[in-house]
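A closer look at the structure
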Amino acid sequence: MKNIGILTSGGDCPGMNAVVRSFVRTCLYNGITPFGIEAGYRGLIDGHIRPLESKDASNLLQRGGTVLRSARCLEFKTKEGQRIALDNISKNNLDGIVVVGGDGSLTGAKVLFEDYNIPVIGIPGSIDNDIYGTDLAVGVDTALNTIVRSVDMLNDTASSHDRTFIVEVMGRHCGYLAITTAVTCGAEAVLIPEVPFNLDDIIKKIKKRYDEGRSRSVVIVAEGAGSAYDFGKAFELIGGFDTRITVLGHLQRGGSPTHYDRLLATRMGLSAVELLMEGTHGVMTGWQSGKIVPVPISEVLSNTKPLDKSLLRMAEIMSR
Ligand code: ADP
Ligand code: F6P
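Just so we're clear, the structure is a prediction, and the values are computed from it rather than from any experiment.

Our next topic: the overall build of the protein. Tallying secondary structure elements over the protein gives eleven helices and eleven strands in all. Taking 320 residues into account, the globule formula puts the C-alpha radius of gyration at 20 Å, and the protein, at 22 Å, falls close to it. By its C-alpha atoms, the protein is 70 × 35 × 35 Å across when sized along the principal axes. Taken across its 320 residues, the protein has 53% of its residues classed as buried. Summarising the internal contacts of the protein: among those between residues at least 6 apart in sequence, 75% fall at separations of at least 24. For the protein, the exposed surface amounts to about 14000 Å²; the carbon and sulfur share of it is 51%. With 34 positive and 36 negative side-chain charges, the protein shows a spacing of 2 Å between the two charge centroids.

Shown next, in the form of structure tokens:
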């Protein structure tokens, strides 16, 4: 391996820069030239590919977002787009590519590996924590900490006014952020896309808690479970609660990565280069029980990450 490229793709997440830094440093340590590919698969198609130096990795560890930028590039889903990308991989003499991103980005990596024989390593980067084969993806821990800080603040003002707050967190298909923070923020209820819920029962439960003398309620809603605004209307109309809605939105995708995410990102960037060097290709750097485990990307994509039922149980018990 002489030259390896890296791209960050799909929804960005805190820690992507820490992956890039680790990748650059590990390449240089091993006498390999690292290449940065700009804006995900778009950069492969447009030929925006440049060698990176040690100084390009300075001052990156603590920065949110991605200095390589990210993109959702529909052209790469077409054979024509892929052919142009392949020409650029060859023109730049890239011997391997590291892809950092979510399920969609890993699907692009699978195409490069399986259809065009390009040595590829995937690194899971997405705040949703919906990627099979890894206990945590890069960015999840930071997003969780952002949510916890925000809900703690909302709890303060909710208590002062005896209010009910509905807090919408990200997660289109996956309730991991919602269910986990429901436990760690002491929410009264949590609504996630994976589990059916009965709004009337939730309203009754909250009413009972107010009747028992509690001063506030917080309900966490994963964006995929339905509209926080519709839930809010039902809470006011049926429950008669003084309700406020907070949608945390893209706040959850930004910010300086936590210690945990910096370490995870550093481990994964390093492993990705080492796996390519030893000839292991087409795998994702999974984080399982405190170890990096190479998981075939095809296996990652053909499975759905199961919901941790113990979290559901914990949220239910703690909100009684
Ligand atoms: P994420 O990686 O966060 O899940 P997306 O689903 O938007 O984000 O995917 C990111 C990018 O990955 C897409 O814009 C596209 O460039 C690439 N990609 C996604 N699906 C495919 C596919 N089936 N074939 C080739 N590339 C894909
Ligand atoms: O997949 C990450 C994610 O942040 C989801 O939680 C969210 O639904 C989506 O991306 C938002 O996408 P966009 O940045 O394109 O609005």
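Before going further, it helps to examine the nonpolar core. Judged by nonpolar contacts, the single largest core of 77 residues is most densely connected at Y41, L44, I97, V98, L112 and L177. Mapped onto the domain boundaries, this core takes at least three residues apiece from domain 1 (3–139 + 257–301) and domain 2 (141–254). Setting aside residues no more than four positions away along its own chain, I97 makes contact with I4, G5, L7, I37, L44, I89, L112, I118, P119, V120, I121 and L276. Counting 16 residues, the second-largest nonpolar core is a separate cluster that includes L199, I203, A228 and A234.

It is worth spelling out the site of ligand 1 at this point. Around ligand 1, the structure places 15 residues, and the nearest of them are R72, C73, G102, G104 and S105. Note that an oxygen atom of ligand 1 is positioned 2.5 Å from one of the side-chain N or O atoms of S105. Coverage of ligand 1 by the protein chains reaches 79% of its 560 Å² of free accessible surface. Per-element accounting of the shell around ligand 1 gives the leading share, six residues, to helix α4 (residues 103–116). The class makeup of the residues in the shell around ligand 1 is four nonpolar, eight polar and three charged.

Next up on the list: the pattern of salt bridges. Enumeration according to the criterion identifies 19 salt bridges in this entry. Across the salt bridge formed by E38 and R50, the nearest N and O atoms sit 3.1 Å from each other. Note that E38 is positioned in the loop between β2 (33–37) and α2 (41–46) and R50 in strand β3 (residues 49–51), a separation of twelve residues in sequence. The buried category is assigned to E38, whose relative accessible area is 14%. Between R214 and E212 there is a salt bridge, with the nearest N and O atoms lying 3.4 Å from each other. Assessed through its relative accessible area of 45%, E212 is described here as partly exposed. One continuous salt-bridge network, built from bridges that share partners, spans E38, R50 and R69.

Near ligand 2 you find R72, D128, M170, G171, R172, E223, H250 and R253, and these make up its full shell. In this structure, G171 approaches ligand 2 through a main-chain N or O atom, which is 3.4 Å from an oxygen atom. Contact distances for ligand 2 include 2.4 Å between an oxygen atom and a side-chain N or O atom of E223. Coverage of ligand 2 by the protein chains reaches 76% of its 400 Å² of free accessible surface. Structurally, ligand 2 is housed in the largest pocket. Its residues assigned to classes, the shell around ligand 2 shows one nonpolar, two polar and five charged.

The tally for this structure, following the rule as stated, stands at four aromatic pairs. Between F197 and F231, the ring centres sit 5.7 Å apart and the planes meet at 75°, which makes this aromatic pair edge-to-face. On the criterion of sequence distance, the pair formed by F197 in the loop between β7 (189–191) and α7 (199–211) and F231 in helix α8 (residues 228–239) is long-range, its members being 34 residues apart. According to the relative accessible area criterion, F197 is partly exposed, its value standing at 34%. Among the aromatic residues, ring-to-ring pairing joins Y210, F235 and F241 into one connected group.

The subject of this paragraph is helix α6 (residues 176–185). With respect to burial, α6 is a largely interior element, seven of its ten residues being buried. Lining the buried residues of α6 we find α5 (140–161), β6 (164–169), β7, β8 (217–222) and α11 (309–318).

Put simply, the largest pocket is a space of about 790 Å³. Top element by residues in the lining of the largest pocket is α4. It accounts for six residues. Class assignment of the residues belonging to the lining of the largest pocket gives a composition of eight nonpolar, 13 polar and nine charged. Viewed by domain, the lining of the largest pocket spans two of them, domain 1 (3–139 + 257–301) and domain 2 (141–254), each represented by three or more residues. Computed from the structure, the second largest pocket encloses a volume of approximately 360 Å³.

Adjacent strands of a sheet form backbone hydrogen bonds with each other and so pair up, either parallel or antiparallel. Taking strand neighbours across the sheet as the criterion, the seven strands line up as β3-β2-β1-β4-β5-β10-β11 in an open arrangement whose pairing is mixed. Each edge of the sheet is formed by a strand with only one pairing partner; in this case those strands are β3 and β11 (291–296). Pairwise comparison of adjacent strand axes, ignoring direction, gives a mean angle of 30° for this sheet. Relative to strand β5 (residues 120–124), strand β4 (residues 96–101) runs parallel, the two sharing five bridges. Paired with I97 across the strands is V120, a residue of β5. In the packing of helix α9 (residues 259–278) onto the sheet, contacts are made with β1 (3–8), β4, β5, β10 (283–288) and β11, and the angle to β10 comes to roughly 140°.

Quick notes on the rules
- Residues numbered from 1 in each chain as written.
- Chains lettered and ligands numbered in written order.
- Predicted model: local features only at pLDDT ≥ 70, side-chain atom pairs only at ≥ 80, totals over all residues.
- Heavy atoms only, no water.
- Helix = DSSP H or I, 4+ residues; strand = E, 2+ residues; numbered from the N terminus.
- Rg over C-alpha atoms; globule rule 2.2 N^0.38 Å.
- Buried < 20%, exposed > 50% of the residue type's maximum accessible area, 1.4 Å probe, protein only.
- Contact = heavy atoms within 4.5 Å.
- Areas by Shrake-Rupley, 256 points an atom, 1.4 Å probe, with all protein chains shown as cover.
- Lys, Arg positive; Asp, Glu negative; His and termini not counted.
- Charge placed at Lys NZ, Arg CZ, Asp CG, Glu CD.
- Core = buried A, V, L, I, M, F, W, Y, C linked by side-chain atoms within 4.5 Å.
- Domains from an automatic or database assignment.
- Near = heavy atom within 4 Å.
- Polar contact = N/O pair within 3.5 Å; in protein donor to acceptor, adjacent residues only side chain to side chain.
- Nonpolar A, V, L, I, M, F, W, Y, C, P; charged D, E, K, R; others polar.
- Salt bridge = Lys/Arg side-chain N within 4 Å of Asp/Glu carboxyl O.
- 1 Å grid on protein atoms, 1.4 Å probe; cavity = no way out; pocket = protein on both sides within 12 Å on 5 of 7 lines; lining within 4 Å.
- Sits in = over half its atoms within 2 Å of the grid points.
- Phe/Tyr/Trp six-rings, centres within 6.5 Å; stacked < 30°, edge-to-face > 60°.
- Points joined across faces, edges and corners; volume = space filled by probe spheres on them.
- Pairing = 2+ DSSP bridges.
- Axes fitted to C-alpha atoms, helices over the stretch in contact; angles between N-to-C directions.

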